[in-house]
Amino acid sequence: SWVRRFGTPHDDFLRAMVVVDDAIYVCGATYGAVVGANQGDLDAFISKFTLSGSEIWSYQLGSNDTDECSAIVVGKIDDNSGSRPVYIAGSTAGDLFGSTTFEGVQYRYVARFSDTPLDGLKLVEGTQKSTIQTTSTAGIALSSKYLYVATNTYDAGKELDAQAGCTIELFH
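This report concerns the structure included in the present document. (Residues numbered from 1 in each chain as written. Predicted model: local features only at pLDDT ≥ 70, side-chain atom pairs only at ≥ 80, totals over all residues. Heavy atoms only, no water.)

With respect to the overall build of the protein chain
Summing up its helical and strand segments, the protein chain has zero helices and eleven strands in all. Secondary structure elements of the protein chain occur, N-terminal to C-terminal, as β-β-β-β-β-β-β-β-β-β-β. In the protein chain, of all internal contacts separated by at least 6 residues, the share reaching a separation of at least 24 is 47%. Of the roughly 9200 Å² that the protein chain leaves accessible, carbon and sulfur atoms contribute 48%. (Helix = DSSP H or I, 4+ residues; strand = E, 2+ residues; numbered from the N terminus. Contact = heavy atoms within 4.5 Å. Areas by Shrake-Rupley, 256 points an atom, 1.4 Å probe, with all protein chains shown as cover.)

So, in structure tokens, the structure goes:
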């Protein structure tokens, strides 16, 4: 057995983990700098480890506000490129991907990365859903064709109860 401790001198939070083939993928949030510089308040991060606990790479994603990663899923290796898709989902109170934001509200975001043997992890695309309600990610799942994201939406005092609740979104 083994224990692998990692993180920053600041508060760090693991939110999700998945084991795929010969690697462990984790995601969470940090007030510090897992890799590079912290972009604001709380930044999201993802890391990949070998099955024996050695770090392969880490990636930090942040805006000028609070960003957390709460779900991660990893797809199959593409036979042609050797790359593997890595999807993360979470919540942000800032502008991660050029979306309009409303002060004091958190949004659901989804990001797709490409994990290649030679280059490590690269951001391919990201999207965030901007509404005047607070939305948080509850989970993420990948089928053979589609990506599904489960979210919780609540009005955060904005009296929009008719739109609050639980949702499942399909991404192509």
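What to know about the packing of aromatic side chains
Summed over the entire model, instances satisfying the criterion amount to five aromatic pairs. In this structure an aromatic cluster arises from ring pairing among Phe6, Phe45 and Phe49. (Phe/Tyr/Trp six-rings, centres within 6.5 Å; stacked < 30°, edge-to-face > 60°.)

Examining the pairing of strand β4 (residues 55–61)
By the bridge criterion, six bridges tie strand β3 (residues 43–50) to β4 in an arrangement that is antiparallel. Within the sheet, the bridge partner assigned to Ile46 lies in β4 and is Tyr59. The hairpin formed by β3 and β4 contains four residues between the paired strands, and Gly53 there has a positive phi angle of roughly 95 degrees. (Pairing = 2+ DSSP bridges.)

Focus: unusual backbone geometry
Positive phi outside glycine occurs at Asp21, with the angle close to 50 degrees. Within the secondary structure layout, Asp21 lies in the loop between β1 (12–20) and β2 (23–30). Look at Asp21 and you get exposed, because its relative accessible area is 58%. (Buried < 20%, exposed > 50% of the residue type's maximum accessible area, 1.4 Å probe, protein only.)

Description of the nonpolar core
Residues Tyr25, Ile46, Ile72 and Ile88 are the most contacted members of the largest nonpolar core, which totals 19 residues. For this core, the secondary structure elements donating two or more residues are β1, β2, β3, β4, β5 (67–74), β6 (84–92) and β7 (107–116). If we skip the residues at most four places from it in the chain, Ile72 touches Ala16, Met17, Val18, Tyr25, Val26, Cys27, Ile46, Val86, Tyr87, Ile88 and Ile140. Val73, Val110, Ile140 and Val149 belong to the second largest nonpolar core, which has nine residues in total. (Core = buried A, V, L, I, M, F, W, Y, C linked by side-chain atoms within 4.5 Å.)

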